[in-house]
Amino acid sequence: MTAMTLTDAPTPAEAVGPLMRGIAVLREISDAGGRTSLSDLVRTTGLARSTVDRIAATFARMGYLRLDSHSAALTPRLMELGNAYLAGLQLPRLLGPLTEQLAEELDESVSLAVPDGDGVRFVHQTTRRRAMSLTFRIGDLLPAERTAPGPLFAVGWGEQEWVRWRERRAADPEDRGFSAVPPRTATDGGPGLEERAARAGKQGWALDDQLIEPGLIALAVPVRGPDGQVVCAVSAVSHTSRHSVGSLRQSLLPRVRKAVAAMERELRQARPAPSAPPAGLAAWTTASKQELGAEFVESLARGLTVLTAFGEGRPELSLTAVAEATGLARATARRALITLEHLGYVASRDRTFRLTPQVLALGCPPLSRTTLPDIATPHLAALVQTVHDSASLAVLTGDDIQYTARVATGRIMSVNITIGTRFPAYAASMGRVLLADLPPKDRAAWLARTELRALTPHTVTAPAELATLLDRAGREGYALVDEELEEGLRSIAVPVRDRAGRAVAAVNVAMHSSRRTAAQCLTEVLPELRATAARIEADLHVAGRFTHISSA
Ligand code: PHB
């Protein structure tokens, strides 16, 4: 059972069946951690194998799933759905920096959560959590009664919400519908939510004293928008080995309150986001039926694309605006919106539509933990298929490069490179493009302190010559290194840049020097390598829009 998509309302006659089934498949893969076998999907969704195959083929064509022989994995591109909600919400952009600052100051994890039905859904997470306890991800949904923010949100509940909450508790006594939390046991819960909400209303803060798991404690304070409505809650999260609930309250509460006051100021002063132009038509919409293939379920693709009409400065849209942004016929957009509203991903008021936090359940929790090596590996594998030489990803650590992902060919190389291998940056192609991107001051300091040892007779060891090579690598956007690290080894590298344009890693292709001339490397390998880096960057920029993607 999946919480919050269970609607008692009968399915509207106009609902788009393929869209409902497609979303069910995405939810299952997301709840399974981002990857699952197709046969498991058949079992968990109850859909026919042929239906699952068509849905998977459609998502693969849209760039949302990667299929291998038996399984399906979510791609970073899928994060564009959750991003559409988070960009419209604005809270991560406006409050993210203050949240990070508070986490730094407290040296504890700090999160932002919004109410989602009778649950609490995370929209921002800092990563200061120690290894001891469960960590939650952007998009994770928790039952309100087992969290610190829950009572704060319940303060605003009416009779209808309380009835719904009681019904859900009765129907799901072990919280099986909340895949992010361990099952509820008889002892969980402490004082009832009603009592905690009443107290939270008076005090303006609330506690979670190990309601999720032993040891995990949290304190939450509500954040109000300019109209006085609670828009989210800030939680400071700790462990009983570091704090008691008493000391959380004593030492953390005043600091969290101060940060919340700054956040509320930020929200009052924020100018409305300029309405970014719609993201543009999805790539598949311009393909012909023949190009899309017989398996492609167009009504599913169209329906899901409706979610991407929303975004920064576009939190609320009319049917006309949705149709315009997606290029869909009005009738098609309308049926998609009716379906999405029925499933709880869209809410409407006065003929305008907005996304709900539930959109984050479409892949965000597992994908918000993606690392750059995870993102790069499938693209490196595709590159190796084309160039038939090994490809790698590396980052700069100190004065070395360190390999963080690698796809090898069967060819024997004398150098034995595995993930974690380090080489001096100055003699490696990936090191050269990374050094070339350093701010001038850092590069000069690096050059001054580094001893350039000859690793082969070809290693460039003259600082001035190396500086010239780095300038050139910076200008041309690649570095080719010939037998400077090891005799017989030639490699070519290009940078991988984050959204801000910083080279956070490099990718290379390495080969025996007898395989190609240096000139052939430029004509045969460099264009493929650049295309690979561009694909990695495209994924990184989507996945990294509202969450920090670790480079290693
Ligand atoms: C968290 O951010 O991980 C968190 C927040 C509130 C809780 C528990 C955990 O009650």
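It should be emphasised that the depicted structure is a prediction, and the values quoted were computed from it without experimental measurement.

I keep staring at the overall build of the protein chain and nothing clicks. Help me out?
Within the protein chain, the regular secondary structure consists of 19 helices and 18 strands. Taking 24 Å as the expected radius of gyration for a compact globule of 552 residues, we find that the protein chain reaches 26 Å, a close match to that expectation. By principal-axis analysis of the C-alpha atoms, the protein chain measures approximately 80 × 60 × 45 Å. The proportion of buried residues among the 552 residues of the protein chain is 53%. Pairs at least 24 residues apart make up 65% of the contacts formed inside the protein chain by residues separated by at least 6 positions. Of the roughly 24300 Å² of accessible surface on the protein chain, 51% is carried by carbon and sulfur atoms. Positive and negative charge centroids in the protein chain, built from 63 and 60 side chains respectively, lie 3 Å apart.

What's the story with the packing of aromatic side chains in this structure? I'm lost.
Think of a pair of aromatic rings as described by two things: how far the centres are apart, and how the planes are tilted against each other in angle. Under the counting rule described, the total for this entry stands at five aromatic pairs. Centre to centre, the rings of Trp 157 and Trp 162 are 4.9 Å apart; their planes meet at 70°, and the pair counts as edge-to-face. Residues Trp 157 and Trp 162 agree in their burial class; the two are buried. A ring pair is formed by Tyr 403 and Phe 423, whose centres lie 5.9 Å apart and whose planes are at 85°; its orientation type is edge-to-face. Of this pair, Tyr 403 sits in strand 14 (residues 400-407) while Phe 423 sits in strand 15 (residues 422-424), and the two are 20 residues apart along the sequence. A single burial state applies to Tyr 403 and to Phe 423, both of which are buried. Here the aromatic residues Trp 157, Trp 162 and Trp 165 are joined through ring pairs into a cluster of three or more.

What should I look at first to understand helix 12 (residues 319-326) in this one?
Side chains three or four residues apart in an α-helix point the same way, a direct result of the helix having 3.6 residues per turn. Inspection of helix 12 places Leu 319, Val 322, Ala 323, Ala 325 and Thr 326 among the buried residues, and these make up the whole buried set. What you see down the axis of helix 12 is that its buried residues fit within an arc of 165°, all on one side. Buried residues along helix 12 sit in contact with helix 11 (298-305), strand 10 (317-318), helix 13 (330-343) and strand 12 (352-355). Count one or two residues on from helix 12 and you reach Gly 327, which has phi positive near 75°.

Looking at this model, I keep getting lost on the sheet that holds strand 14. Mind explaining?
What links the strands of a sheet is backbone hydrogen bonding, and the strands pair in either a parallel or an antiparallel sense. Pairing is antiparallel in the open sheet, where six strands are placed in the order 15-14-13-18-17-16. Either end of the sheet is taken by a strand with one partner, and the two such strands are strand 15 and strand 16 (479-482). With direction set aside, neighbouring strand axes in the sheet form an average angle of 30°. Bridging between strand 13 (residues 390-397) and strand 14 involves seven bridges; their strand directions are antiparallel. The partner of Ala 394 across the bridge, within strand 14, is Tyr 403. Taken strand by strand, helix 19 (residues 518-543) contacts strand 16, strand 17 (489-497) and strand 18 (503-512), and its axis lies near 30° from that of strand 17.

Any chance you could explain the sheet that holds strand 11 (residues 346-349) here in plain terms?
Reading across from one edge, 10-12-11 is the order of the three strands in this open sheet, with antiparallel pairing throughout. Two strands bound the open sheet, and with one partner strand each, they are strand 10 and strand 11. Note that strand 11 and strand 12 share four bridges and pair antiparallel. Bridge assignment links Val 346 to a residue of strand 12, and that residue is Leu 355. Along the sheet face, helix 13 touches strand 11 and strand 12 and points at about 105° away from the line of strand 11.

Sorry if this is basic, but what is going on with the domain arrangement of the protein chain here?
Accessible area lost upon the coming together of the parts serves often as the stated size of an interface. In terms of domains, the protein chain is made up of domain 1 (3-79 + 280-367), domain 2 (91-269) and domain 3 (372-543). Contact between domain 1 and domain 2 buries roughly 1000 Å² in total, counting both sides, with carbon and sulfur atoms accounting for 63%. The tally of links from domain 1 across to domain 2 stands at one salt bridge. The residue Glu 312 makes a salt bridge to Arg 93 at a minimum N-O spacing of 3.6 Å.

Rules of the game
Residues numbered from 1 in each chain as written. Predicted model: local features only at pLDDT ≥ 70, side-chain atom pairs only at ≥ 80, totals over all residues. Heavy atoms only, no water. Helix = DSSP H or I, 4+ residues; strand = E, 2+ residues; numbered from the N terminus. Rg over C-alpha atoms; globule rule 2.2 N^0.38 Å. Buried < 20%, exposed > 50% of the residue type's maximum accessible area, 1.4 Å probe, protein only. Contact = heavy atoms within 4.5 Å. Areas by Shrake-Rupley, 256 points an atom, 1.4 Å probe, with all protein chains shown as cover. Lys, Arg positive; Asp, Glu negative; His and termini not counted. Charge placed at Lys NZ, Arg CZ, Asp CG, Glu CD. Phe/Tyr/Trp six-rings, centres within 6.5 Å; stacked < 30°, edge-to-face > 60°. Arc of directions from axis to C-beta. Pairing = 2+ DSSP bridges. Axes fitted to C-alpha atoms, helices over the stretch in contact; angles between N-to-C directions. Domains from an automatic or database assignment. Buried area = accessible area lost by both parts, 1.4 Å probe. Salt bridge = Lys/Arg side-chain N within 4 Å of Asp/Glu carboxyl O.

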